[in-house]
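Structural description and commentary
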Amino acid sequence: MKYSVPLIYSFILLLSMVFFHPRVNAANEQWQALLKDYNKHLQNKLKSKGIPAGALSIVNGPDNTYVKGFGVTKLKNGQRVNEYTRFRLASVSKTFAGALTAKLVGQGKFSLDDPVSKFIPEFANTSYKDNLKVFHLLSHSSGLVPNAYDNLIESRMNYPDIVAKLLSVQPICQPGQCYGYQNVMFSLIDEVIISSTQMSYSRWLNEFIFSPLQMKNASVGYQSMVADGNYAHPHVRGRKKWHTAKLKKNYYKVIPAAGVNASASDMAIWLKAQLGYYPSVLSKDELARQTRPYTQTKKELRRRVWKKHLKEAYYGLGWRVYNYDNETIYYHSGWVQGYRSDLVVIPHMNIGFSLVLNAETGLINELTTDFINRVLAYKQA
């Protein structure tokens, strides 16, 4: 008996609908249940600790996106937080620096192996000479003592003067031989970009990352943060309660390290970009370049919240790279006065997570690891 090709195709399509569609629905129902349970858990935790506000972004593949704002922008006379309310990302800003650098390297603007002295001649007259490479800046492997001159960021001293003092500091190891987390040194990538492209880091970020990704609330700097009333004010803990604090400008001196502002809707887009869903903005090669494990960070293995799960820990270009219960995750956290932030990308699962709070609380560590654990259990079910 002969069958027409269209009839065979119709039969195959019918079988796929019968056997595949229920599985898709079941998986989606499980995911929605996970989101519902986590959302309830998150709100209960924030309420129990009196946290003023938060911004949550979760993506699962290209089409399944969840964004939500919680609480109020400030405790007295604040407005309700929504998905467009801006928060300070603090050191999560470093993920943007890593991505932009990977993009510019891909365009041939400069090489990660170029000496920093090629772009900042003052380095040629220091102990670094030509040993300090561009990738050392973004992988925290410059050889400097951790957080060198961060105290001056919080002073009235301007950034160029802080850098001048930095040049006189003797490294504790040769570049590439030890890990030392930096903010001042990290932000020298701005000078590298200006020297090699004649455009500032901020302009590159706005025109070639934020704009094409349509991250409409994302910005850099203090003035952009307070441009209108829809931003989350910082909060610090007193003896018995949270207090609204003044938004400080100090860490906006180091834009690549800590100067990005964004909303929940922006962060959902950023997560999708990190998962490869915007290849015209960040290609597969560029994403791989930023998460190459340059520097081993053994100290992370001893952190209370992580130590039961982490098997390996490294730092790439603006990203932490972890083996978390045998699953590769890309991660970064942020902490500046009045704000905490966490960002997680699980590339092999196509899942991303972002949480930003307008309060200095260690609760965020628990909330992030809880989400990761729920996702791993969901995928194994």
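Located above this text is the structure these notes cover.
Throughout what follows, the structure given in this document is the object of discussion. What you see is a predicted model; the values in this text were computed from it and never measured.

**What to know about the overall build of the protein chain**
- A count of helices and strands for the protein chain gives 13 helices and 13 strands.
- Against the compact-globule benchmark of 21 Å for 381 residues, the protein chain has a radius of gyration of 22 Å, which places it among compact chains.
- In terms of overall dimensions, the protein chain has a C-alpha envelope of 85 × 55 × 40 Å along the principal axes.
- Per-residue burial over the protein chain gives 54% buried out of 381 residues.
- Here the protein chain displays about 17,900 Å² of accessible surface, and carbon together with sulfur accounts for 50% of that area.
- One finds the centroid of the 47 positive side-chain charges in the protein chain at a distance of 8 Å from the centroid of its 26 negative side-chain charges.

**Thoughts on the environment of Val116**
- Following the sequence through the fold, Val116 ends up in the loop between α3 (94-106) and α4 (134-138).
- Between the C-alpha atom of Val116 and that of Asn131, which follows or precedes it by 15 residues, the distance is 8.3 Å.
- Residues within four places of Val116 in sequence aside, it is in contact with Phe123, Leu132, Lys133, Val134 and Leu137.

**Quick word on α3**
- Compared with an ideal rise of 1.5 Å per residue, which puts 13 residues at 18 Å, α3 spans 18 Å between its outermost C-alpha atoms and is within 8% of the ideal.
- α3 sits mainly inside the fold: twelve of its 13 residues count as buried.
- Positive phi appears at Gly108, one or two residues downstream of α3, with a value of about 80°.

**Looking at the packing of α3 against helix α8 (residues 201-213)**
- Between α3 and α8, the shortest axis-to-axis distance is 11 Å and the interhelical angle comes to 80°. One finds that α3 runs roughly perpendicular with respect to α8. Where α3 abuts α8, its residues Phe96, Ala97, Leu100, Lys103 and Leu104 lie against Tyr201, Trp204, Leu205, Phe208, Ile209 and Phe210.
- Among the residues making up the contact of α3 with α8, the classes are represented as ten nonpolar, no polar and one charged.

**Digging into the pattern of salt bridges**
- In this structure the tally under the stated criterion is seven salt bridges.
- With a closest N to O distance of 3.0 Å, Asp228 and Arg86 form a salt bridge. Here Asp228 is found in the loop between α9 (222-225) and β5 (235-237), whereas its partner Arg86 is found in the loop between β2 (64-71) and β3 (87-88), with 142 residues between them in sequence.
- Taking relative accessible area as the criterion, Asp228 reaches 39% and is therefore assigned partly exposed.
- The partner of Arg320 in a salt bridge is Glu300, with the nearest N and O atoms 3.8 Å apart.

**Looking at the state of the cysteines**
- Using the criterion set out here, one finds one disulfide in the structure.
- The disulfide that involves Cys173 links it to Cys178, with 1.9 Å between the sulfurs. With the S-S dihedral at roughly -85°, the linkage between Cys173 and Cys178 falls on the left-handed side.

**Structural notes on the sheet that holds strand β8 (residues 295-296)**
- Taken in spatial order, the eight strands make up an open sheet running β2-β1-β13-β12-β11-β10-β9-β8, and their pairing is antiparallel. Whereas interior strands pair on both sides, the edge strands pair on one side only; in this sheet they are β2 and β8.
- One ladder, built from seven bridges, connects strand β1 (residues 53-60) with strand β13 (residues 351-357); its direction is antiparallel. Paired with Leu56 across the bridge in β13 is Leu355.
- Strands in contact with helix α11 (residues 264-274) are β1, β2, β12 (339-346) and β13; relative to β1, the strand with the most contacts, it is inclined by about 30°.

**So, the sheet that holds β3**
- Across the sheet, three strands lie side by side as β3-β7-β4; this open sheet has antiparallel pairing. Each edge of the sheet is formed by a strand with only one pairing partner; in this case those strands are β3 and β4 (219-220).
- Here β4 runs beside strand β7 (residues 260-262); their pairing, made up of two bridges, is antiparallel. Within the sheet, the bridge partner assigned to Ser219 lies in β7 and is Asn261.

**Describing the nonpolar core**
- Membership of the largest hydrophobic core comes to 87 residues, with the highest contact counts inside it found for Phe96 and Trp270.
- Counting residues per element, this core draws most heavily on α11, which supplies seven residues.
- With near-sequence residues (within four places) excluded, Trp270 lies in contact with Thr95, Phe96, Ala99, Ile209, Leu213, Met215, Leu282, Trp319 and Leu343.
- In terms of nonpolar packing, the next biggest core, distinct from the first, is built from 35 residues, Tyr38, Tyr324, Ile329 and Leu355 among them.

**Some details on the pairing of β1**
- With eight of eight residues buried, β1 lies mostly within the body of the structure.
- As judged from the eight bridges shared by β1 and β2, these two strands associate in the antiparallel manner. Opposite Gly54, over in β2, you have Phe70 as the bridge partner.
- Where β1 hands over to β2, the hairpin turn is made up of three residues, of which Gly61 adopts a positive phi near 80°.

**Examining the layout of surface pockets**
- The space that makes up the largest pocket amounts to roughly 840 Å³.
- Along its surface, the largest pocket is lined by 30 residues, and Ser91, Asn147, Tyr181, Ser333 and Trp335 are the ones closest to its centre.
- The dominant element in the lining of the largest pocket, judged by the number of residues it contributes, is strand β11 (residues 327-336), at five residues.
- Grouping the amino acids of the lining of the largest pocket by side-chain chemistry returns ten nonpolar, ten polar and ten charged.

Rules used throughout
Residues numbered from 1 in each chain as written. Predicted model: local features only at pLDDT ≥ 70, side-chain atom pairs only at ≥ 80, totals over all residues. Heavy atoms only, no water. Helix = DSSP H or I, 4+ residues; strand = E, 2+ residues; numbered from the N terminus. Rg over C-alpha atoms; globule rule 2.2 N^0.38 Å. Buried < 20%, exposed > 50% of the residue type's maximum accessible area, 1.4 Å probe, protein only. Areas by Shrake-Rupley, 256 points an atom, 1.4 Å probe, with all protein chains shown as cover. Lys, Arg positive; Asp, Glu negative; His and termini not counted. Charge placed at Lys NZ, Arg CZ, Asp CG, Glu CD. Contact = heavy atoms within 4.5 Å. Expected span 1.5 Å × (residues − 1). Axes fitted to C-alpha atoms, helices over the stretch in contact; angles between N-to-C directions. Parallel < 35°, antiparallel > 145°, perpendicular 65-115°, else oblique. Nonpolar A, V, L, I, M, F, W, Y, C, P; charged D, E, K, R; others polar. Salt bridge = Lys/Arg side-chain N within 4 Å of Asp/Glu carboxyl O. Disulfide = S-S within 2.5 Å. Pairing = 2+ DSSP bridges. Core = buried A, V, L, I, M, F, W, Y, C linked by side-chain atoms within 4.5 Å. 1 Å grid on protein atoms, 1.4 Å probe; cavity = no way out; pocket = protein on both sides within 12 Å on 5 of 7 lines; lining within 4 Å. Points joined across faces, edges and corners; volume = space filled by probe spheres on them.

That is the geometry; function is a separate question.
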